[in-house]
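# Report on the structure
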Amino acid sequence: MVQIITSAEFEEKVLKADLPVLVDFSATWCGPCQMLAPILDRVADKVAGKALVYKVDIDACPDLAVRYQVMAVPTLNLYRNGEVAKQLMGLQSEEALMSLFS
């Protein structure tokens, strides 16, 4: 299960992480975000120990949505060494998400 993190946790869990981190910027009212949830859970299981996967609710953390220019949900950012390395928008397949880590 993908953990939901807050703005207060973001720096420590994402920006200071030693592993690559995939962050799903989503919203509870977003249909594609709900469809993406089980896909993200499978990806998180597959990359366990090699990468981290978190979810950020843009309604609860609008500061992060602004900071990372999230214009639509879902937006998926892959962070490496505290920087956005890749970004995908919209519903993605498990294969597309796994390819971010290669």
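Rules and cut-offs
- Position labels on residues start from 1 in each chain and follow its written sequence.
- Note on the predicted model: pLDDT of at least 70 is required for a residue's local features to be given, and 80 or more for side-chain atom pairs to be given and counted; whole-chain, interface and lining totals, by contrast, use all residues.
- Only hydrogens and water are removed before side-chain values are computed, so all heavy atoms of the structure are retained for them.
- When DSSP locates at least two bridges between a pair of strands, those strands are taken to pair.
- Only DSSP runs of H or I with at least four residues qualify as helices, and only runs of E with at least two residues qualify as strands; both kinds are numbered from the N terminus onward.
- Whether two residues touch is decided by their heavy atoms; if any such pair falls within 4.5 Å, the residues are in contact.
- Whenever a helix is involved, its axis is fitted only over the stretch in contact; in every case the axis is a line through C-alpha atoms, and angles between N-to-C directions fall within 0 to 180 degrees.
- Type-normalised accessible area, obtained with a 1.4 Å probe on protein chains alone, sets the label of each residue: buried when under 20%, exposed when over 50%, and partly exposed for intermediate values.
- Multiplying 1.5 Å by the residue count of a helix minus one yields the expected span of that helix.
- The quantity called bend is, for any residue, the angle between two axes fitted respectively to the seven residues ending at it and the seven beginning at it.

### Quick word on the sheet that holds strand E2 (residues 21-26)
With respect to topology, five strands assemble into an open sheet ordered E1-E3-E2-E4-E5, the strand pairing being mixed. A single partner strand is all that each edge strand has here, and the edge strands are strand E1 (3-4) and strand E5 (83-89). For E2 and strand E3 (residues 52-57), the ladder comprises six bridges, and the chain directions are parallel. Bridge pairing in E3 links Val 23 to Tyr 54. Against the sheet, helix H1 (residues 7-15) makes contact with E1, E2, E3 and strand E4 (75-80), and its axis sits at roughly 150° relative to E2, the strand it touches most. Sheet contacts for helix H2 (residues 31-47): E2, E3 and E4; angle to E3, the most-contacted strand, approximately 155°.

### Structural notes on the environment of Pro 38
As for its position among the elements, Pro 38 is in helix H2. With relative accessibility at 40%, the residue Pro 38 sits in the partly exposed group. Residues Pro 38 and Asp 59, 21 residues apart in the sequence, show an inter-C-alpha distance of 21 Å.

### Thoughts on H2
End to end, H2 covers 25 Å across 17 residues, agreeing with the expected 24 Å (1.5 Å per residue, within 8%). Approximately 35° is the largest bend angle found in H2, and it occurs at Ala 37, with the proline Pro 38 only one to four residues beyond. Turning to H2, its buried residues are Cys 33, Leu 36, Ile 39, Leu 40, Val 43, Ala 44 and Val 47. Among the structural elements, E2, E3, E4 and helix H4 (94-99) are those in contact with the buried residues of H2. Backbone geometry just after H2 places Gly 49 at a positive phi near 90°.

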